Amino acid sequence: MCILIAILFVSACSGAIGTNMPDFTTPTGDQSGGKVATMVAETLTAMAVNVNTSAPTATSTPEPVTVLPQTLYYLAVDSTGIVQLFRLDRDGVTIKKVTSEQYDVYDFDVSSAHGGKIVFDTGGQLILCDPDGANRMVIDNIQPNSHQYYVAYPHWSPDGKIIAYLSGMQVHFYDLVSKTSTLALGNDGVDYISIGDFSPDGKDLIVGTTNNKAIYNISTATISFLKFPEFSKQTFKFSPVTWSKDSRYVYAADWMNGGSGEGLRLSGLWRFDTDGIGLQLIAGITVGAPSNPSFISTPFQEPDGSLVYLYSPPAPQSPKPQLSLVHSDADGVTNRTVLRPETFKLDNSGLWMPDGKGFIILQVDDFAFSSMLLVPVDQSLPVITLMNDARSVVGWQPLRWGP
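Worth saying up front: this structure is predicted, and the values here are computed from it rather than measured.

**Q** So, the overall build of the chain: which residues are in play, and what are the values?
**A** Regarding its fold elements, the chain presents 2 helices and 29 strands. When burial is assessed residue by residue, the chain has 51% of its 403 residues classed as buried. The contacts of the chain with a sequence gap of at least 6 include a subset with a gap of at least 24, amounting to 46%.

Structure, rendered in structure tokens:
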């Protein structure tokens, strides 16, 4: 059953969904991962229908109720106080603990080419495992008395053949076929401190340095730092930086305004070509009026090139502004319209569904995560609370779709 049908069921009986939600005990006996909205799934289960339009038979099996288009992976603190990897199943209720590591899991990625194979880093090791955590295999680790300080930020290539990751302050590629790791970036005198996603076509990779982000072209082994023609200062930082679906552009939407020793961070919406040349679509902090910024988050490029994103118009600075879901032409400004009546507070970018029909965000309240929400673009469909208490979710780390 598709997600939109399931959500329509919720809309029809939203009055039955309570706000006080019981704790959910995971199959492993772990109470971590947040309190899940079990009432949502109970309502969906009660109203589930078989998509087979023929007369029912004694052997027909109802299709499982689904809330999410795919499984959702996230990091949370377990009952022992260690950050582990968890999975929220498509029913929007069932939580499964994937890892049981001795040390915190810091970052992870899920492959779309291997049926949900997972790579994650913990305790100075880079580890490969199955979607349920089985077949755990160490593929790299910190070597004693070497230049390495950590292994981190693993990212799958779209074809599932390469895992990019940091080892120390260098970018390495692990080849899944040869099972060997090679140095990709790091002999150029630059310290690399983060890795972003591969482009959807697999040709480029986002990398981060101390004061900037860059696009690394894999076939030519060249790197293009993000450039800002409007500004003379070149130490800008954006978090996060995301690809357009056609791999032509990188979008930067960082509404966490302010300056620091790491470089100036600008709120607003920017678009960069793969050669790093940037174009400011929506101004953030206006020069001469820094107390009235615009806030933008979670941009998504539609197939026709238009944009959907969360937006707050220029207003006095607020640590947690109220953002509305809007749609605009490709320039980010023309024909801007509000898509939903609600506003949202968040402290990171949301995770879009693969088909662009909705996204997951972590709502914030009093500088802490309060809930995990599923937000459909279609305003006729309700916002669903997946977790009523998501304070244990490590929100600055990624949310990832699984199979």
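Here the narrative resumes, following the displayed structure.
**Q** Account for unusual backbone geometry, naming residues and giving values.
**A** Its identity as a non-glycine residue notwithstanding, Y153 has a phi of 55 degrees, on the positive side. If you trace the backbone, Y153 turns up in strand β9 (residues 151-156). Take Y153: its relative accessible area is 30%, and that puts it in the partly exposed class. If you check the backbone angles, K179 has positive phi at about 55 degrees while not being a glycine.

**Q** Before we move on, could you go through the nonpolar core and cite the residues and values that matter?
**A** Residues L68, L72, Y74, I360, M372, L374 and L386 are the most contacted members of the largest nonpolar core, which totals 21 residues. Those elements that place two or more of their residues in this core are β2 (72-77), β3 (83-88), β26 (358-365), β27 (368-376) and β28 (384-389). Counting residues in each nonpolar core, the second largest holds 14 residues, with L310, L323, F359 and V377 among its members.

How each quantity is defined
Residues numbered from 1 in each chain as written. Predicted model: local features only at pLDDT ≥ 70, side-chain atom pairs only at ≥ 80, totals over all residues. Heavy atoms only, no water. Helix = DSSP H or I, 4+ residues; strand = E, 2+ residues; numbered from the N terminus. Buried < 20%, exposed > 50% of the residue type's maximum accessible area, 1.4 Å probe, protein only. Contact = heavy atoms within 4.5 Å. Core = buried A, V, L, I, M, F, W, Y, C linked by side-chain atoms within 4.5 Å.

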